[in-house]
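An overview of the molecular structure
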Amino acid sequence: MNQAVIPDFFRQILDQPVNNLVDQAQEQGKKAIAYTCSYVPQPLLSLDGVFPIRVRAPGVVGTPMADTYLSSVICSYTRSVLELALEWAFDSLDGWVFAASCDHLRRLYDNLDYLNKPAFNHMIDMPHRGGAAAEKWLTEEYKSLGAALAESFGVDASPQALSRSIKEHNAYLSVMREISKMRKQDNPPVTGAMFQTLLAASTSAPKDMVMDELKALLARLRESNEGKPYRARVLLAGSHCDDPGYIDVIEKTGGLVVAERTCTGSIPALAPIPENDAPYETLAGQALANISCPRMMESFQARVDEILEAVEEYRADGVVLQTMKFCDTWGVESGPMVQELRKAGVPILKLEREYTMSSEGQLQTRIQAFLESMGK
């Protein structure tokens, strides 16, 4: 028997809002750029001299200061990040990049700019539908970000430099896809909580500082021949969910999360990026075609189809659709989404949650009942 475990190296990255690897990279002269949305392309923030950090808010137990400045109907992710920002937890970072993907993140940008103004604070404007005009629009937005990075940090934002960055990012994606593919096995050596730990850790630290550990873990997983027992295979869908602990509760109750169709999960984040001579245009086209947040109009059926395809590919017994409280986009879409998946014969459980883990017992009860409803 040989059961793989996630090294403490990855778990420790997630303990702090800004981890030691970020500090080490900054000591080497690199600039850390924070981002909060998948529409901010990681390769563009990975040009030589800068690196991306997807902002998390671990350890937040209350948001009294953020509550003073934000409306009561702003989601708890936005609220938690602002709370830590007002506690100066992110002051060591060198800049922030936002995408105007929802009003909540726009308010985070506004409040940061007003209350604790970062030295570099950039907003990417986002179209609400795909097509040639939208791709041209987003391409110009990405080029504007590249120019701003070049002006502020002296990085080379030429198409050639961005193409090199995309190639390096694809190498990272390739390793993560290999690990993710193992979750299709009958008895996978990696659980959903383990995989979310890897995803969250590798987007919270400089990629070049985690790649060797990821490759070593991939080798050990290939030699592993034992996974954890489970009662049902589950696909996790819905809004932002960067907490491995949430998935761990599902798995302790008997569900095995085999894939995540979330903006912080495996689908479609691990899709390779085409390498060509038009990298800005490629990133824009891929973002509009692949990310497919419910903020995007006229693509509801595409999101339904993508979940159905993932259910078949990963042989999921059911779908857990979790939405963060006050998330406008998923709040509107989740009802029709539940109906469409049920029409297709897919068992589905809809849950509403806060950003920080709470009511673990209630979650376990809902998962337990869901598994029993599927006869598992």
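Please read these numbers as outputs of a predicted model, since none were measured by experiment.

**Describing helix α4 (residues 76–86)**
Residues spaced three or four apart along an α-helix point in a common direction, a consequence of the helix completing one turn every 3.6 residues. Judged by how many residues are buried, α4 sits mostly within the fold: 11 of 11 residues are covered. Among the residues of α4, those classed as buried are S76, Y77, T78, R79, S80, V81, L82, E83, L84, A85 and L86. Check the buried side of α4 and you find it contacts α3 (64–69), β3 (95–99), α5 (103–115) and β7 (318–324). Looking at the residues trailing α4, positive phi occurs at W88, about 65°.

**Re the sheet that holds strand β4 (residues 121–124)**
Whether parallel or antiparallel, the strands of a sheet pair through hydrogen bonds between backbone atoms. Strands sit in the order β2-β1-β3-β4 across an open sheet of four strands; the sheet is parallel. Each end of this open sheet is capped by a strand with a single partner; those strands are β2 (50–54) and β4. Each strand of the sheet is rotated relative to its neighbour by a mean of 25°, with strand direction disregarded. When strand β1 (residues 31–35) meets β2, the two strands line up parallel, connected through five bridges. The residue of β2 that forms the bridge with A32 is F51. Along the sheet face, α5 touches β3 and β4 and points at about 150° away from the line of β3.

**A look at the packing of α4 against α5**
For the pair α4 and α5, interaxial distance at closest approach is 9 Å and the crossing angle is 15°. Taken together, the axes of α4 and α5 are roughly parallel relative to one another. Here α4 runs over α5; the crossing is right-handed. When α4 is examined against α5, the residues Y77, T78, V81, L82, A85 and L86 are found in contact with a partner set consisting of H104, L105, L108, N111, L112 and L115.

**Section: empty space enclosed by the protein**
Evaluated as defined, the whole model comprises three cavities of 30 Å³ or more. Considered as a void within the structure, the largest cavity measures approximately 530 Å³ in volume. Taken together, 34 residues make up the lining of the largest cavity; nearest its centre are S38, Q42, H169, A269 and I291. Among the secondary structure elements, those contributing two or more residues to the lining of the largest cavity are α7 (159–181), α8 (192–202) and α11 (279–291). No other element matches α11, which puts five residues into the lining of the largest cavity. Class assignment of the residues belonging to the lining of the largest cavity gives a composition of 20 nonpolar, 11 polar and three charged. Size it by volume and the second largest cavity reaches roughly 400 Å³. Tallying contributions element by element places helix α13 (residues 328–343) first for the lining of the second largest cavity, with three residues. Along the lines of polarity and charge, the residues of the lining of the second largest cavity split into 13 nonpolar, 11 polar and four charged.

The rules behind each value
Residues numbered from 1 in each chain as written. Predicted model: local features only at pLDDT ≥ 70, side-chain atom pairs only at ≥ 80, totals over all residues. Heavy atoms only, no water. Buried < 20%, exposed > 50% of the residue type's maximum accessible area, 1.4 Å probe, protein only. Helix = DSSP H or I, 4+ residues; strand = E, 2+ residues; numbered from the N terminus. Contact = heavy atoms within 4.5 Å. Pairing = 2+ DSSP bridges. Axes fitted to C-alpha atoms, helices over the stretch in contact; angles between N-to-C directions. Parallel < 35°, antiparallel > 145°, perpendicular 65-115°, else oblique. Left-handed = near helix turned anticlockwise from the far one by under 90°. 1 Å grid on protein atoms, 1.4 Å probe; cavity = no way out; pocket = protein on both sides within 12 Å on 5 of 7 lines; lining within 4 Å. Points joined across faces, edges and corners; volume = space filled by probe spheres on them. Nonpolar A, V, L, I, M, F, W, Y, C, P; charged D, E, K, R; others polar.

Shape is all these values report; function is a separate question.
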